[in-house]
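Inside the fold
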Amino acid sequence: MFVGYLKLVALNSTLNFVWSNTYSTHFQGALMINAQEAVQVLPVTDATWKSLVLKSKLPVLVEFWAPWCGPCRMIHPIIDELAKEYTGKLTCYKVNTDDSPSIASQYGIRSIPTVIIFKAGEKKDTVIGAVPKTTLCTCIEKFL
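One structure accompanies this document, and this report is about it. (Residues numbered from 1 in each chain as written. Predicted model: local features only at pLDDT ≥ 70, side-chain atom pairs only at ≥ 80, totals over all residues. Heavy atoms only, no water.)

Here we look at the packing of aromatic side chains
Aromatic ring pairs are described here by two measures, namely the spacing of the ring centres and the angle between the planes. Scanning all chains against the criterion turns up four aromatic pairs. Measuring from ring centre to ring centre gives 6.3 Å for W49 and F64, while their planes differ by 50°; the resulting arrangement is tilted. Of this pair, W49 sits in helix 1 (residues 49–54) while F64 is found in strand 5 (residues 60–65), placing the two residues 15 residues apart along the sequence. A single burial state applies to W49 and to F64, both of which are buried. Both rings, one in W49 and one in Y107, keep their centres 5.4 Å apart while their planes meet at 50°; by these two values the pair is tilted. Highlighted residues: W49 in helix 1 and Y107 in the loop between helix 3 (101–106) and strand 7 (114–119), separated in sequence by 58 residues. Residue W49 shares its accessibility class with Y107, and that shared class is buried. Ring pairs connect the aromatic residues W49, F64, Y107 and F118, which therefore count as one cluster. (Phe/Tyr/Trp six-rings, centres within 6.5 Å; stacked < 30°, edge-to-face > 60°. Helix = DSSP H or I, 4+ residues; strand = E, 2+ residues; numbered from the N terminus. Buried < 20%, exposed > 50% of the residue type's maximum accessible area, 1.4 Å probe, protein only.)

Here it is, written out as structure tokens:
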């Protein structure tokens, strides 16, 4: 049985670790991780909308969704893939329309899922419904 602690330190795309136990034995090493695998589509709220979406230096894809929406659950994995594939070129966020109805109202969201592309704080394109990945890629590529 091993008793001790594991110290993890992330540096760029390398995860360094040191194992220590009560006998002062140390194991050290490094684990390479792919930065794209760590990408997560984060939620945006009324409080974070302006700073994360409108003031972003990169183009932004925003998925408007709700937990009860079946087609939204179908498109989530596609948005996750796009976030990974376009890391460094595009930022992806999601807005729960039940939690942030004012944002949805401001952009005229009448149906979900709706995906909007923003660039330099301006709404550039809108895709409504659970569409294929290729449709979203075509839309994204216009603004990179």
